[in-house]
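Topology and contacts: notes
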Amino acid sequence: MPTKAEFSIYTGPEAEAKVSGVRRTVRLQPDALNASEHLREDPSKKDEGEDEIYFFGTGPIVNPLVRKRRGVNVSGERAAVLSEYRITFAVGGIANVVQGRGCEVHGVVMKFDTKEGWEEYKKIEIGGRENEAVRPVDVYAYNDPDPDTPIRAHVFVMEGNIAKDAPMEQPAEERYLKLIADGLKFHGVDEDYIEYQIMSTEYIPSRKTGDYYKFPSRSKLAAITFDKYEALCRDTKDKCYFVLGEYVFEMPVSNPENPGAMWIRGQCHGKGDMSWIIYKIRIDPGIPEIEREEDLTPQHVEWAESMTYEYLSKCNLSATKCYRLVEDGDGVGANGGLW
């Protein structure tokens, strides 16, 4: 059951102004204090900086552990604030930024080291979700020696009517909120903002080992080779298939524009074991840390199934374990040589 924090959620401009109306001088990490000049766009060097990509993070990406696990290479991270927007967890319990008059969002601005890294991050984070856009905005760094000059950065913005377009309204996960809060604290973001906007959000307590969710299973699981699994994925339009460990799961799709269905189709459908990508993007400090896909254990796979179950449930989707992958004549196993 969802758990209520001690403080209620701020839901509108008047309430949020209680937090955003007072901006404090915050002690930052030493590296962050010297990062402003590297992040700010210099008009006299426009041509030189056209390929530089700055991003304003508000979700788990603000946490150094998350960036390490996902292989996100950035530099010059520092606390910053975005005006006329607010943070919401209304869609799937995931942090989203929406327009909000008189509101502010506090987060971390960072520079991506490569364009390829930025494109890969966008692909993983928003996939094909058409209602989430990448928008250039002006953010203001904390403790900036030139506070009137903004930093031009990209931010993921949820567009449209949130109340209308949120068929998967769910509380956030405890694990998820703690990742955001710890990352914001590390970078010196306003403590009141963290307390009232992040940690006061209604949440679902984290599940422990032995209490993981599992998808239902057919009474008899047919064997299937990876080649036949790929062919099955090519021939279907109203279903998605994905692999966890050595099993194939079938997910009916009635609405192809459902964000969960779009993510599964783009990232997992017709591909190999998705446990590794779940491990990289659904960070849980309670799960043993590994460096390679080959180091995945049964615990990692069981945890990945539970994380996938929770996510699909929030998207009003379900799946069933239907096949067991077996090697084909050429010795190709469960992941077909792919991730």
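What comes next concerns the included structure. (Residues numbered from 1 in each chain as written. Predicted model: local features only at pLDDT ≥ 70, side-chain atom pairs only at ≥ 80, totals over all residues. Heavy atoms only, no water.)

**Overview of the overall build of the protein chain**
Heads up, the condition is: Labels follow the DSSP assignment, with helices taken as runs of H or I lasting at least four residues and strands as runs of E lasting at least two, numbered in each case from the N terminus. Per-residue accessibility, obtained with a 1.4 Å probe over protein chains only, is compared with the maximum for each type, and a residue is labelled buried under 20%, exposed over 50%, and partly exposed between these values. Every residue pair with non-hydrogen atoms within 4.5 Å of one another is taken to be in contact. Every accessible area reported is derived by Shrake-Rupley at a probe size of 1.4 Å, with residue values counting cover from the shown protein chains alone.
When you go through the protein chain residue by residue, the secondary structure sums to 12 helices and 11 strands. Buried residues in the protein chain amount to 49% of all 339 residues. The contacts of the protein chain with a sequence gap of at least 6 include a subset with a gap of at least 24, amounting to 75%. With an accessible surface of roughly 17,000 Å², the protein chain has 47% of that area assigned to carbon and sulfur atoms.

**With respect to the nonpolar core**
If you look at soluble globular proteins, the nonpolar side chains tend to sit buried side by side. Test applied: What makes a nonpolar core is a set of buried Ala, Val, Leu, Ile, Met, Phe, Trp, Tyr and Cys residues whose side-chain atoms join them at distances within 4.5 Å.
If you look at the biggest cluster of nonpolar residues, it comprises 45 residues, and the most contacted ones within it are F56, F89, V139, L184 and I198. For this core, the element with the most residues is strand β2 (residues 74–88), which contributes 7 residues. Core analysis: the next-biggest nonpolar cluster, separate from the first, contains 30 residues, L244, V253, A304 and L312 among them.

**Things to note about the pattern of salt bridges**
How we decide: What counts as a salt bridge is simple: a side-chain nitrogen of Lys or Arg found within 4 Å of a carboxyl oxygen of Asp or Glu.
Evaluated as defined, the whole model comprises 13 salt bridges. The salt bridge involving R207 is made with D211; its shortest N-O contact spans 3.1 Å. Owing to a relative accessible area of 26%, R207 belongs among the partly exposed residues under this scheme. With relative accessibility at 41%, the residue D211 sits in the partly exposed group. Connected via shared salt-bridge partners are E173, R175, R282 and K314.

**Let's talk about the environment of P64**
Tracing the chain through its elements places P64 in helix α5 (residues 64–70). Taking C-alpha positions, P64 is 6.6 Å from G183, a pair spaced 119 residues apart along the chain. Residues within four places of P64 in sequence aside, it is in contact with G183, F186 and H187.

**Some remarks on helix α8 (residues 191–198)**
The line we're drawing: Starting at the helix axis, one direction is taken to each C-beta atom, and the arc is that of these directions. In the analysis that follows, any N or O atom pair within 3.5 Å is treated as a polar contact, provided that within protein one partner can donate a hydrogen and the other can accept it, and provided that, for residues neighboring in sequence, both atoms belong to side chains.
Looking only at α8, the buried set comprises Y193, I194, Q197 and I198. The buried residues of α8 occupy an angular sector of 100 degrees when projected down its axis, which confines them to one face. Its side-chain oxygen 2.9 Å from the backbone nitrogen of D192, D190 forms the N-cap of α8.

**Some remarks on the packing of aromatic side chains**
The criterion, for reference: For Phe, Tyr and Trp, where Trp contributes only its six-membered ring, two rings pair if their centres lie within 6.5 Å, and the inter-plane angle classes them as stacked under 30 degrees, edge-to-face over 60, or tilted in between. Two conditions define a charge sitting above a ring: the NZ of Lys or the CZ of Arg must be within 6 Å of the ring centre, and it must be within 35 degrees of the ring normal.
Applying the stated criterion to the full structure yields 17 aromatic pairs. Between W118 and F156, the aromatic rings sit 6.1 Å apart at their centres with planes inclined by 20 degrees, giving stacked as the arrangement. Placement of W118 in helix α6 (residues 115–126) and of F156 in strand β5 (residues 151–158) is noted, with a sequence separation of 38 residues between them. Residue W118 is classed as buried on the basis of its relative accessible area, which comes to 3%. Look at F156 and you get buried, because its relative accessible area is 9%. An aromatic cluster of three or more residues is present, and its members are F55, F112, W118, Y121 and F156. Note that R218 overlies the ring of Y323, its terminal NZ or CZ placed 5.7 Å from the centroid. Above the face of the Y247 ring, K321 is positioned so that its terminal group lies 4.3 Å from the ring centre.

**Details of the sheet that holds strand β8 (residues 217–225)**
Condition: When DSSP finds two or more bridges between a pair of strands, those strands are recorded as paired. For every element, the axis is a line fit to its C-alpha atoms; helices are fit only across the contacting stretch, and the angle between N-to-C directions ranges from 0 to 180 degrees.
Spatial strand order, β8-β11-β10-β9: 4 strands in an open sheet with mixed pairing. Edge positions in the sheet fall to β8 and β9 (239–244), since each has one partner strand and no second. Going from strand to strand, the sheet's axes swing by 30 degrees on average, the running direction of each strand aside. Where β8 and strand β11 (residues 320–326) come together, 5 bridges link them in parallel fashion. Residue I224 lies in a different strand from β11, and its bridge partner there is L325. Lying on the sheet, helix α9 (residues 226–235) is in contact with β8, β9, β10 (247–252) and β11; it crosses β8 at an angle near 110 degrees.

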